[in-house]
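This is what each chain is made of:
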Amino acid sequence: MLSDTTTNTQVLSSGSEGCGKCVDGFILDGWVARECSCMQQNRMNSRMQNAMIPEEFDNAEFHTYRTVSKTQEGMLRKMTEYLEKFDELRSQRTNSFGFISVFGEQKLREIKNPAERVRMKTLHNNFGLGKTHLQIAAAKELIKRGIPVVCISDVSYMDQLSKARAYNDEGAAVNRMLDSAIHAPVLVWDDIGKAKPSEFRLDMYYQIIDERYKAKRPIIFSSNEDDQTLTERIGDAASSRLLGMSKGNCYAVEGSDYRLKGAAANG
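What you see is a predicted model, and the numbers here were worked out from it, not measured in a lab. (Residues numbered from 1 in each chain as written. Predicted model: local features only at pLDDT ≥ 70, side-chain atom pairs only at ≥ 80, totals over all residues. Heavy atoms only, no water.)

Visitor: Which parts of the structure should I look at to understand the overall build of the protein chain?
Guide: Helix and strand counts for the protein chain come out as 11 helices and 9 strands. A total of 267 residues make up the protein chain; the buried ones form 43% of that total. Restricting to contacts in the protein chain with at least 6 residues of sequence separation, those with at least 24 account for 73%. Counting only carbon and sulfur atoms, one obtains 49% of the accessible surface of the protein chain, whose full area is about 14000 Å². (Helix = DSSP H or I, 4+ residues; strand = E, 2+ residues; numbered from the N terminus. Buried < 20%, exposed > 50% of the residue type's maximum accessible area, 1.4 Å probe, protein only. Contact = heavy atoms within 4.5 Å. Areas by Shrake-Rupley, 256 points an atom, 1.4 Å probe, with all protein chains shown as cover.)

Here's what the structure looks like:
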């Protein structure tokens, strides 16, 4: 037997795979087998994998978020404040968080004059502020606290749902995808409302958001739509519930796109 750093603690064996201090994640502490720290790390690693965080955001942490404007300083502050009170909010109906646009993309699409559309897009830019970076950083923080998270990107998720609908499996594939989004303790939903609306997709938005609303399961989301145009993209009922869930923690943001300025992008 090999002595651990504590005099009354002994390792059961050093031959197991992993950290080398334990057997199957346990160390003999006197007459009690206590869990090794590697087990906690393994569980966190598993939660990280299950969260489906895109590889391009492996480096997305709060300490790597670049605040080069007052808007970004405010975004970082509001997200960290939300996480500080997350345990208190979690069981409440208004337990969610969102970044939306001041002037939605849908309104920009409806401007016929190209020059005016460019002017308004520049004036009310919502891209390159680091919304996704902050969402993923928040997801990682919650995972570290032991809270499972699932991350989805609106366009790819809705495309996958549409493809799954075509399977000849009586809806089994669609239901599996919905189950993950509905029952995840926390859902991070990036760019909601970006996918082209259809009757099927509007139904999917409503099902996911309504089930999470009823079960008081938080959604951390971002959108390039505003509180009016989001309704056009995901439907009246879904938008009403989502904005209601994030009441007090939903922020309309705009500013310069720092990708275009050549600054290090937050994502």
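Visitor: Help me out: how do you make sense of the sheet that holds strand 9 (residues 250–253) in this one?
Guide: The strands that make up a sheet pair up through hydrogen bonds in the backbone, lying either parallel or antiparallel. In space, the 5 strands of this open sheet follow the order 6-7-8-5-9, with parallel pairing throughout. The outermost strands of the open sheet, each flanked by one partner alone, are strand 6 (149–153) and strand 9. On average, each strand axis in the sheet is tilted by 15° relative to the strand beside it, whichever way the strands run. The sheet contact formed by strand 7 (residues 186–190) and strand 8 (residues 219–222) spans 3 bridges and is parallel. Residue pairing in the sheet places Val-188 in a bridge with Ile-220 of strand 8. Helix 2 (residues 70–84) rests against strand 5 (97–101), strand 8 and strand 9 of the sheet, and its axis sits at about 160° to strand 5. Against the sheet, helix 9 (residues 199–215) makes contact with strand 7 and strand 8, and its axis sits at roughly 145° relative to strand 7, the strand it touches most. (Pairing = 2+ DSSP bridges. Axes fitted to C-alpha atoms, helices over the stretch in contact; angles between N-to-C directions.)

Visitor: Whenever I open this one, the packing of helix 8 (residues 172–183) against helix 9 confuses me. Can you help?
Guide: To describe two helices that pack against each other, one gives the angle between their axes and the distance between the axes. Across the interface, helix 8 lies against helix 9 with an axial gap of 9 Å and an inter-helix angle of 40°. It follows from the interaxial angle that helix 8 and helix 9 lie oblique. For the pair helix 8 and helix 9, the sense of crossing is right-handed. Contacts between helix 8 and helix 9 involve Val-174, Leu-178, Ala-181, Ile-182 and His-183 from the first element and Met-204, Gln-207, Ile-208, Glu-211 and Arg-212 from the second. Tallied by class, residues from the contact of helix 8 with helix 9 come to 6 nonpolar, 2 polar and 2 charged. (Parallel < 35°, antiparallel > 145°, perpendicular 65-115°, else oblique. Left-handed = near helix turned anticlockwise from the far one by under 90°. Nonpolar A, V, L, I, M, F, W, Y, C, P; charged D, E, K, R; others polar.)

Visitor: How do you make sense of unusual backbone geometry when you look at a structure like this?
Guide: Trans is the prevailing form of peptide bonds, just as negative phi is the prevailing case for residues other than glycine. Positive phi, close to 60°, is recorded for Glu-170, a residue that is not glycine. Classification of Glu-170 by relative accessible area gives exposed; the value is 82%. Positioned with a positive phi, Asp-191 is a non-glycine residue whose angle comes to about 65°. Looking at the secondary structure, you find Asp-191 in the loop between strand 7 and helix 9.

Visitor: Whenever I open this one, empty space enclosed by the protein confuses me. Can you help?
Guide: Within this structure, the stated rule accounts for 3 cavities of 30 Å³ or more. Considered as a void within the structure, the largest cavity measures approximately 50 Å³ in volume. Taken together, Ser-101, Phe-103, Glu-105, Leu-108, Lys-121, His-124, Asn-125, Asn-126, Phe-127 and Asn-224 form the lining of the largest cavity. For the lining of the largest cavity, a count of residues per class yields 3 nonpolar, 5 polar and 2 charged. (1 Å grid on protein atoms, 1.4 Å probe; cavity = no way out; pocket = protein on both sides within 12 Å on 5 of 7 lines; lining within 4 Å. Points joined across faces, edges and corners; volume = space filled by probe spheres on them.)

Visitor: How should the packing of helix 9 against helix 11 (residues 236–245) be read in this particular structure?
Guide: Where helix 9 contacts helix 11, the axes come no closer than 9 Å and their chain directions differ by 35°. The hand of the helix 9/helix 11 crossing is left-handed. Each of Tyr-205, Tyr-206, Ile-209, Asp-210, Arg-212 and Tyr-213 in helix 9 lies in contact with helix 11, whose residues at this interface are Ala-237, Ala-238, Arg-241, Leu-242 and Met-245. Here the contact of helix 9 with helix 11 is composed, by residue class, of 8 nonpolar, no polar and 3 charged.

Visitor: Honestly, the pattern of salt bridges in this entry has me stumped. Any pointers?
Guide: One side chain can pair with another of opposite charge once the charged atoms of both are near each other. For the coordinates displayed, the defined rule picks out 13 salt bridges. Note that Lys-70 is salt-bridged to Glu-73, the shortest N-O span being 3.9 Å. One end of the pair is Lys-70 and the other is Glu-73, both in helix 2 and 3 residues apart, which spans about a single turn. Residues Glu-116 and Arg-119 are paired through a salt bridge, measuring 3.0 Å at the closest nitrogen-oxygen approach. (Salt bridge = Lys/Arg side-chain N within 4 Å of Asp/Glu carboxyl O.)

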